[in-house]
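So you can see what is in the structure, the chains are spelled out below.
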Amino acid sequence: MEGLMMMRPLKIADLLEFAASNFLNGEIVSVRTEGDIHRTTYRETAKRTAQLAHGLLRLGINVGDRIATLAWNGYRHLELYYAISGIGAVCHTINPRLSAEQMLYIIHHAKDRLLFTDITFVPMLEKLSPQLPPDLRIVVMTDRAHMPEGSLSGLLCYEELLEGQPDQIDWPDFPEETAAGLCYTSGTTGNPKGTLYTHRSTALHAMMVGISLLNVLQAGRRILPVVPLFHVNAWGLPYAAPLTGASLIFPGPKLDGKSLFDLMDRKKVYSAWGVPTVWLGLQAQIKAEGRNPEGFADVVVGGSAAPRSMIEAFEKSGINVCHAWGMTEMSPIGTQGNLPIEAHSLSLEERVEAKCSQGRRVFGVDLKITDDDGNRLPHDGKSPGNLYVRGNTITSGYFNDEEANREAFDAEGWFKTGDVATIDENGFLMITDRAKDLIKSGGEWISSLDLENVVMSHPKVVSCAVIAVPHEKWTERPLLIVQSGEDGDAPQEELLEMLSAHFAKWQLPDDVVYVENLPLTATGKVSKLTLRKQFAGHTLSDPA
Ligand code: AMP
């Protein structure tokens with residue numbers, strides 16, 4: 001027998017409408033690329049979002065069209081999130097740190113119709129322009145006075161798009177499964193893969209995050225997403241904050257320790273969210289100042305494992321660390337590390353130990369670990385296995401990418417994370433290794449296999465491997481290990497020059513090591529496990 005309850009579609013626009021009518025004091029503060037600080041409210045944001053939506057409709061944007069953004073964290077980017085999805089189009093956030101090759105691939109793959117950009121990225125777009133789709137229109141996210149002059153023709157001005165448009169809109173009705181957001185993540189080989197979020201998955205994720213992190217997500221609290229809006233929707237904050245009434249403080253382009261400290265201090269940020277690399281900078285500034293930023297009480301660390309020393313330093317100075325784990329394909333939050341009330345009596349050491357784990361699953365995300373044959377392993381905290389996930393906020397398939405989809409799921413339909421983990425009897429997840437051949441540097445991916453493919457094309461290289469070497473600042477950095485042939489070694493400069501043609505500068509290996517033979521596994525593949533152990537202590541120069 002079916003129940004008798006209404007079925008209303010879950011829609012992203014409703015989150016902002018809710019904030020606009022319920023949280024009159026909810027603020028959005030942004031450091032702008034123009035250089036100043038901008039303040040607004042949820043109510044004002046709802047009005048400007050309506051104007052922007054009318055502007056998009058006037059440009060002929062239809063349900064399902066992909067609209068790209070190339071922008072830092074700021075109020076205009078937030079308006080785009082809501083206006084684009086509100087009219088049934090898809091907000092495709094582009095990571096500006098990608099190589100030109102990868103960026104062009106995803107713009108073409110997504111078939112973006114419009115691209116909204118911060119002023120900062122206009123010179124980069126000028127360089128890419130010969131390879132951009134000819135019908136792609138570019139909107140610069142600024143006012144007329146700040147519009148850049150340059151070689152790009154036909155640039156539209158963001159503020160002019162809004163000007164004169166009505167500040168109310170009746171958002172159209174469509175099914176909750178309608179696509180709302182698109183975010184590409186690195187593949188182990190080949191091209192990036194797109195995760196296509198729905199209205200339903202996004203609204204559910206906002207609720208899941210709101211419930212799981214209700215210690216910070218509340219009206220009156222100020223949250224700083226250092227995690228970019230182009231990284232899995234800033235971990236869902238643009239949706240969870242309006243839902244709960246928390247204010248958002250957007251840092252703009254300056255993410256160094258001093259800039260973050262000053263902003264947090266001035267704006268009394270309660271909780272800040274980001275990858276470990278940015279917290280190293282903040283911790284150095286805290287040390288230099290001899291105090292925490294005023295009001296700072298909580299930090300959410302994710303994207304890479306939070307080092308024990310970092311957790312300890314924050315906890316020692318009275319800042320609660322929430323160590324979270326997730327993936328682009330998971331919207332992204334899968335687990336979070338706030339400890340249960342019973343744990344509040346733990347000593348500092350015990351607390352730090354517990355927080356080195358990635359925490360427990362959020363409601364709606366199922367976890368399982370298996371051996372290589374797919375048999376489930378016990379949740380005993382001792383048996384590491386391949387980590388799989390399932391739930392309403394997890395991808396059911398990459399966007400237009402059959403090849404990637406063939407590998408992504410097991411026979412029962414669980415999504416393969418590529419992480420290796422243990423789970424203990426209380427549900428605490430500990431990531432112990434990574435099965436996917438990727439390197440994560442400062443929260444950004446580098447594909448070992450893609451680097452290796454280019455290096456292998458050098459005539460003097462017989463075999464090679466790129467592995468992740470632990471790095472204090474960037475968590476991991478790539479090291480290239482080369483086996484040369486009879487003609488001697490390919491010079492390091494030549495190899496790096498070859499790679500530069502395909503990769504961004506920060507993706508290049510920091511060092512090249514030449515070996516006589518690369519260790520092999522029983523099946524004749526290069527044993528990266530052996531190499532990782534062998535080079536664990538290898539010292540790299542700082543690529544900053
Ligand atoms: P992304 O899709 O870029 O968010 O990357 C997701 C991947 O980052 C995961 O599959 C992990 O390999 C890694 N990751 C994310 N959070 C953590 C964490 N807290 N500890 C260890 N690895 C993490």
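For the structure itself, look to the data block above.
The model shown is predicted, which means the values in this text are computed figures rather than measured ones. (Residues numbered from 1 in each chain as written. Predicted model: local features only at pLDDT ≥ 70, side-chain atom pairs only at ≥ 80, totals over all residues. Heavy atoms only, no water.)

**Quick word on the overall build of the protein chain**
Test applied: Numbering of helices and strands starts at the N terminus; helices are DSSP runs of H or I of at least 4 residues and strands are runs of E of at least 2. We take the radius of gyration over the C-alpha atoms and set the globule estimate at 2.2 Å times the residue count to the 0.38 power. The cut-offs for exposure are 20% and 50% of the maximum accessible area for each residue type, with area from a 1.4 Å probe on protein chains only; residues under the lower value are buried, those over the upper are exposed, and the others partly exposed. Contacts are residue-level and defined by heavy atoms, with any inter-residue pair within 4.5 Å sufficient. Note that accessible areas follow from Shrake-Rupley with a 1.4 Å probe, and for residues the cover is restricted to the protein chains shown.
For the protein chain, the helix and strand inventory stands at 17 helices and 26 strands. On C-alpha atoms alone, the protein chain measures out to a radius of gyration of 23 Å, which is about the 24 Å that the 2.2 N^0.38 rule sets for 544 residues. In terms of overall dimensions, the protein chain has a C-alpha envelope of 70 × 60 × 60 Å along the principal axes. The burial tally for the protein chain puts 57% of its 544 residues in the buried class. Within the protein chain, counting contacts between residues at least 6 apart in sequence, those at least 24 apart form 68% of the total. For the protein chain, the computed accessible surface area is about 23,600 Å², with 51% contributed by carbon and sulfur atoms.

**Quick look at the site of the ligand**
Defined as follows: Whether a residue is near a molecule or strand depends on its heavy atoms: if one lies within 4 Å, it is near. Contacts described as polar in this section are N or O atom pairs within 3.5 Å, which, within protein, must combine one atom able to donate a hydrogen with one able to accept it, while residues neighboring in sequence count only if both atoms come from side chains. Residues are grouped as follows: Ala, Val, Leu, Ile, Met, Phe, Trp, Tyr, Cys and Pro are nonpolar; Asp, Glu, Lys and Arg are charged; all remaining types, including Gly, are polar.
Around the ligand, a shell composed of 16 residues is seen, among which A324, T328, Q358, D419 and K436 lie nearest. A324 places a main-chain nitrogen or oxygen 2.8 Å from a nitrogen atom of the ligand. At 2.6 Å from an oxygen atom of the ligand is found a side-chain nitrogen or oxygen belonging to T328. In the complex, the protein chains occlude 94% of the 500 Å² of accessible area that the ligand would expose alone. Taken together, the residues of the shell around the ligand break down into 5 nonpolar, 7 polar and 4 charged.

**Let's talk about the pairing of strand β22 (residues 438-441)**
Selection criterion: Here the rule is simple: two strands pair whenever DSSP picks up at least two bridges between them.
The two faces of β22 match: L438 and K440 on one face and I439 and S441 on the other face are all buried. In this sheet, strand β23 (residues 444-447) lies alongside β22 in antiparallel orientation, the contact comprising 4 bridges. What sits directly across from I439, in β23, is I446. Hairpin remark: β22 followed by β23, antiparallel, with 2 residues in the connecting loop; positive phi at G442, about 55°.

**What to know about the packing of aromatic side chains**
Filter applied, for reference: The pairing test for Phe, Tyr and Trp rings, Trp by its six-membered ring, is centres within 6.5 Å, and the orientation test on the planes gives stacked under 30 degrees, edge-to-face over 60, and tilted for anything in between.
Evaluated as defined, the whole model comprises 9 aromatic pairs. The interplanar angle of 40° and the centroid separation of 5.7 Å between the aromatic rings of Y81 and Y239 together place this pair among those described as tilted. Linking Y81 in helix α3 (residues 75-86) with Y239 in helix α9 (residues 237-244), this pair joins segments that are 158 residues apart in sequence. Judged by its relative accessible area of 1%, Y81 is buried. Given a relative accessible area of 7%, Y239 falls into the buried group.

**Points about the sheet that holds strand β24 (residues 461-471)**
Heads up, the condition is: Angles run from 0 to 180 degrees between N-to-C directions of axes, and those axes are lines fitted to C-alpha atoms, restricted for helices to the stretch in contact.
The mixed open sheet is built from 3 strands, whose spatial order is β24-β25-β26. Of all strands in the sheet, those with a lone pairing partner are β24 and β26 (511-515), marking the two edges. Recorded for the sheet is a direction-independent mean angle of 30° between the axes of neighbouring strands. Examined bridge by bridge, strand β25 (residues 475-484) and β26 share 5 bridges and lie parallel to one another. Across the sheet, residue L479 finds its bridge partner in β26, namely D511. The strands touched by helix α15 (residues 448-455) are β24 and β25; relative to β24, the strand with the most contacts, the crossing angle is about 145°.

**Some thoughts on the environment of T198**
Position of T198 relative to the elements: it lies in strand β9 (residues 193-198). Discounting residues that sit within four places of it in the chain, T198 has contacts with E176, E177, T178, A179 and A180. Of note is the side chain of T198, whose polar atom sits 2.8 Å from the backbone nitrogen of S201.

**Topic: unusual backbone geometry**
Residue P332 is reached from S331 by a cis peptide bond, and omega for that bond is 10°. For P332, the location among the structural elements is in the loop between β15 (325-326) and β16 (333-336). With a phi angle near 45°, N400 is a residue other than glycine that sits in the positive phi range. By the secondary structure assignment, N400 is in the loop between β19 (385-391) and α14 (402-408). In this structure, T475 is a non-glycine residue whose phi angle is positive, near 70°. Relative to the helices and strands, T475 resides in strand β25. T475 sits in the partly exposed class, given a relative accessible area of 23%.

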